[in-house]
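# Residue-level structural notes
Spelled out, the chains give:
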Amino acid sequence: MIRLGLCCLFLEAPIRFRTTTVKYTSSLASKGLDPLKHLNDIIESNLENLLLAIQFCANQGIGSFRINSGLLPIFTHPESGYEIDKLPNALVIRDGFEKARQEAHTHNIRLSFHPDQFVVLNSPREDVVEKSIADLEYQGMMAKLLGADVINIHGGGGYGDKPSALKRFAKNFQKLSQTVQSRLTLENDDKTYTPSDLIPLCKDLNIPLVYDVHHHRCLKDNLSILQATEQALSTWDREPYFHISSPKNGWGNPKYQSHHDFINIKDMPLEWKNIKEFTVDVEAKAKEIAVLKFKRDLITEGWHLN
């Protein structure tokens, strides 16, 4: 059974997530306005739209939703950061988190996070590591409030010495709270770390591997799709999680890393057909339109969906 995942945003559905900048928020006080009130209003709106997103997924038979990392804008900024309980309507905001969590639980919608690319846990720069940990702890806080079980990141940079870089990752992983450690997953990427690079680390640290088959096709190793799938599955103690996408201009184009608007059904690995249950995020620029088209295509091809 396949649980399809929608990633963060909507193309046509009237569901939008708001953001702001440090510069704009910082300027409000000089205008006699309350920066925390501004942030509070954005967060309330974002939580209302998160609830709508979960309801949309439930109504359309989409089993998973990846939550935008900016749900609470500039939360970890060193000067402009804040705490939920310092916001004017903190109780309303906490209630918004709880309503979203309950809605996801009621309709069996799996929630996840995928921090931005600047989260690099294996950086040789201590300031980058500190910021990465702060961001992961922020996402861990949200994941706990919402019942999300996946915070997915890439391995980071290779820095000319991948074994040393992965050892640094392992060392910095120990600095994370149990809340984050228990939800953290690693994903193979299309430039540096293949599944065979990451699987030993995943097993050593008890971190599940989110297998991205598109990335694996872009950056090959000695593993077949079947072998990578089987080894990724062995790292999971809960429902496995995969990613799929199709190249924007086809596999014959040199820039095949870029994502297409939709998923070509031929890019769905037949090696996944006998997996009992798994989640697969549909990484396509047409967002919910792409997920629903892919769902129809899978059903036509005889796949069983959650």
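Scroll up a little and you will see the structure.
Below, the structure is looked at part by part. What you see is a predicted model, and the numbers here were worked out from it, not measured in a lab.

Taken as a whole, the largest pocket holds about 730 Å³ of empty space. Taken together, 30 residues make up the lining of the largest pocket; nearest its centre are Arg66, His114, Pro115, Gln117 and His154. When contributions to the lining of the largest pocket are tallied by element, the ones reaching two or more residues are β2 (64–67) and β4 (150–154). Of the residues belonging to the lining of the largest pocket, the class tally is 10 nonpolar, 11 polar and nine charged. Of the volumes computed, that of the second largest pocket is approximately 520 Å³. Lining the second largest pocket are 24 residues, and of these Ile74, Thr76, His77, Phe118 and Asp135 sit closest to its centre. In terms of residue count, the dominant contributor to the lining of the second largest pocket is helix α4 (residues 126–146) (seven residues).

What follows covers the pairing of strand β3 (residues 110–113). Every second residue of β3 is oriented toward a common face, with Arg110 and Ser112 on one face and Leu111 and Phe113 on the other, all of them buried. In this structure, β2 lies alongside β3, joined through four bridges in parallel fashion. Of the residues in β3, the one forming a bridge with Arg66 is Ser112. For the crossover that starts at β2, traverses helix α3 (residues 90–106) and ends in the parallel β3, the hand is right-handed. Tracing the backbone out of β3, into α4 and back to the parallel element β4 gives a crossover that is right-handed.

Another aspect to go through is the environment of Lys86. For Lys86, the position within the fold is in the loop between β2 and α3. Under the relative-accessibility criterion, Lys86 is labelled exposed at 54%. Each C-alpha atom of the pair Lys86 and Gln257 lies 43 Å from the other, and the pair is 171 residues apart in sequence.

Before going further, it helps to spend a moment on unusual backbone geometry. Here the phi dihedral of Cys8 falls at roughly 70 degrees; this positive angle occurs in a residue that is not glycine. Inspection of the secondary structure assignment puts Cys8 in the loop between β1 (2–7) and α1 (22–27). Looking at Cys8, the relative accessible area reads 16%, which means it is buried. A positive phi is found at Asn206, a non-glycine position, where the angle reads about 60 degrees. With respect to the helices, strands and loops of the structure, Asn206 is situated in the loop between α7 (195–205) and β6 (209–212).

As a further point, take the nonpolar core. By size, the foremost hydrophobic cluster in this structure holds 85 residues, and its most contacted members are Leu50, Phe65, Leu71, Leu72, Phe169 and Trp272. Sort the elements by how many residues they give to this core and helix α2 (residues 35–60) lands first, with eight residues. Ignoring sequence-local partners within four residues, the contact set of Trp272 consists of Tyr211, Val213, Thr229, Phe242, His243, Phe278, Val280 and Trp303.

The rules behind each value
- Residues numbered from 1 in each chain as written.
- Predicted model: local features only at pLDDT ≥ 70, side-chain atom pairs only at ≥ 80, totals over all residues.
- Heavy atoms only, no water.
- 1 Å grid on protein atoms, 1.4 Å probe; cavity = no way out; pocket = protein on both sides within 12 Å on 5 of 7 lines; lining within 4 Å.
- Points joined across faces, edges and corners; volume = space filled by probe spheres on them.
- Helix = DSSP H or I, 4+ residues; strand = E, 2+ residues; numbered from the N terminus.
- Nonpolar A, V, L, I, M, F, W, Y, C, P; charged D, E, K, R; others polar.
- Buried < 20%, exposed > 50% of the residue type's maximum accessible area, 1.4 Å probe, protein only.
- Pairing = 2+ DSSP bridges.
- Right-handed = clockwise from strand over helix to strand, strands pointing away.
- Core = buried A, V, L, I, M, F, W, Y, C linked by side-chain atoms within 4.5 Å.
- Contact = heavy atoms within 4.5 Å.

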